[in-house]
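Single-letter residue listing:
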Amino acid sequence: MKIIKTLIIGVCVIASLAAALFFYAMFNPDTLFKDKTPINLSDIETSSINEYIGRAAGDDIPRIASAESFYESENCITVCPTDVISTGVYRLKSWVSPNKTKRVGYKRRTVVNDGPKATVVKSNSEIAMEINNDYLQYYIIKLSDNSYILTKLTYQQAKAIRKEKNITLPIGIKDLTNGTEKKSLDEICEKYEIYLLYTTDA
């Protein structure tokens, strides 16, 4: 009887941990801190553009339907992708601390600096990187005219696009890739004829 009881408890613990891990992987805590009120062009005209990057796009924010119109567009646009392609290249989120920390000590544990985090990493596991939660993946997004542009998305956004939901990305601007990520992305960007980045986390 004791053995059966121990087994049941063990199974329940494992199931609970698996459920918690799955929930954490599927849930994006960053969304808790973002204002979901749609932003219109009139709001942007009265303040700094950077204040509205990453916010929900109002009805009058230009919707980009082709790579050509993206390259010709002004700042503050949005995109309605039809498909998404993983690159396996991730960049540290702009709002995440660039330093690793660790706890030292036995009785009184203290958090200390453990060196810098990698700014750009490569990984074939989207779930593992989502659990890490410090990085955003670069994705190739397909537009309605079958052209492509580059952006960074959360796992949840990419999943929604793959399910063919009618998703409108947050307000973004054109930007350049540079440094380590440029080297990592050059080959795939050349394949899809991509020259600029659509960024929503400036």
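Coordinates for the structure precede this section.
Remember, predicted model here, so these are calculated numbers, not experimental data. (Residues numbered from 1 in each chain as written. Predicted model: local features only at pLDDT ≥ 70, side-chain atom pairs only at ≥ 80, totals over all residues. Heavy atoms only, no water.)

(A) Fine view of the overall build of the protein. Counting secondary structure elements, the protein contains six helices and 10 strands. When the 202 residues of the protein are sorted by exposure, 39% land in the buried category. A sequence separation of at least 24 residues applies to 65% of the contacts in the protein between residues at least 6 apart. Carbon together with sulfur atoms contributes 55% to the accessible area of the protein, which is approximately 12600 Å² in total. (Helix = DSSP H or I, 4+ residues; strand = E, 2+ residues; numbered from the N terminus. Buried < 20%, exposed > 50% of the residue type's maximum accessible area, 1.4 Å probe, protein only. Contact = heavy atoms within 4.5 Å. Areas by Shrake-Rupley, 256 points an atom, 1.4 Å probe, with all protein chains shown as cover.)

(B) Structural context of unusual backbone geometry. The residue Asn146 is not glycine, and still its phi comes out positive at about 70°. Residue position: Asn146 is located in the loop between strand 7 (135-142) and strand 8 (148-153). Non-glycine residue Glu193 carries a positive phi angle of around 55°. You can see Glu193 is positioned in the loop between helix 6 (179-191) and strand 10 (197-199).

(C) Looking closely at the pairing of strand 3 (residues 83-92). Sheet topology places strand 3 next to strand 7; seven bridges connect them, and they run antiparallel. The residue of strand 7 that forms the bridge with Tyr90 is Gln137. Pairing analysis gives three bridges linking strand 3 to strand 6 (residues 120-122), with the strands arranged antiparallel. Paired with Val89 across the bridge in strand 6 is Lys122. (Pairing = 2+ DSSP bridges.)

(D) Fine view of the nonpolar core. Core analysis: the biggest nonpolar cluster contains 17 residues, and Val79, Val84, Ile141, Ile149, Leu153, Leu169 and Tyr198 have the highest contact counts within it. Breaking this core down by element, the ones donating at least two residues are helix 3 (67-72), strand 7, strand 8 and helix 5 (155-162). When residues of this core are assigned to their parent elements, the largest contribution, three residues, is made by helix 5. Setting aside chain neighbours within four positions, we find Val84 in contact with Tyr139, Ile140, Ile141, Leu153, Ala158, Ile161 and Arg162. Formed by 11 residues, the second largest nonpolar core is a distinct cluster that contains Val89, Ile140, Tyr148 and Ile194. (Core = buried A, V, L, I, M, F, W, Y, C linked by side-chain atoms within 4.5 Å.)

(E) Region of interest: the environment of Pro98. Relative to the helices and strands, Pro98 resides in the loop between strand 3 and strand 4 (99-104). Taking the C-alpha atoms as reference points, Pro98 and Ala118, separated by 20 residues in sequence, lie 7.9 Å from one another. In contact with Pro98, not counting residues within four places along its chain, are Leu92, Gly115, Pro116 and Lys117.

(F) Here's a closer look at the packing of aromatic side chains. Enumeration according to the criterion identifies four aromatic pairs in this entry. For the pair Phe70 and Tyr198, a centre-to-centre distance of 6.2 Å together with 75° between the ring planes defines the contact as edge-to-face. You can see Phe70 sitting in helix 3 and its partner Tyr198 sitting in strand 10, a full 128 residues away along the chain. The class for Tyr198 is buried, based on a relative accessible area of 0%. Between Tyr71 and Tyr195, the ring centres sit 5.9 Å apart and the planes meet at 50°, which makes this aromatic pair tilted. Of this pair, Tyr71 sits in helix 3 while Tyr195 sits in the loop between helix 6 and strand 10, placing them 124 residues apart in sequence. By way of ring pairs, the aromatic residues Phe70, Tyr71, Tyr195 and Tyr198 are connected into one cluster. (Phe/Tyr/Trp six-rings, centres within 6.5 Å; stacked < 30°, edge-to-face > 60°.)

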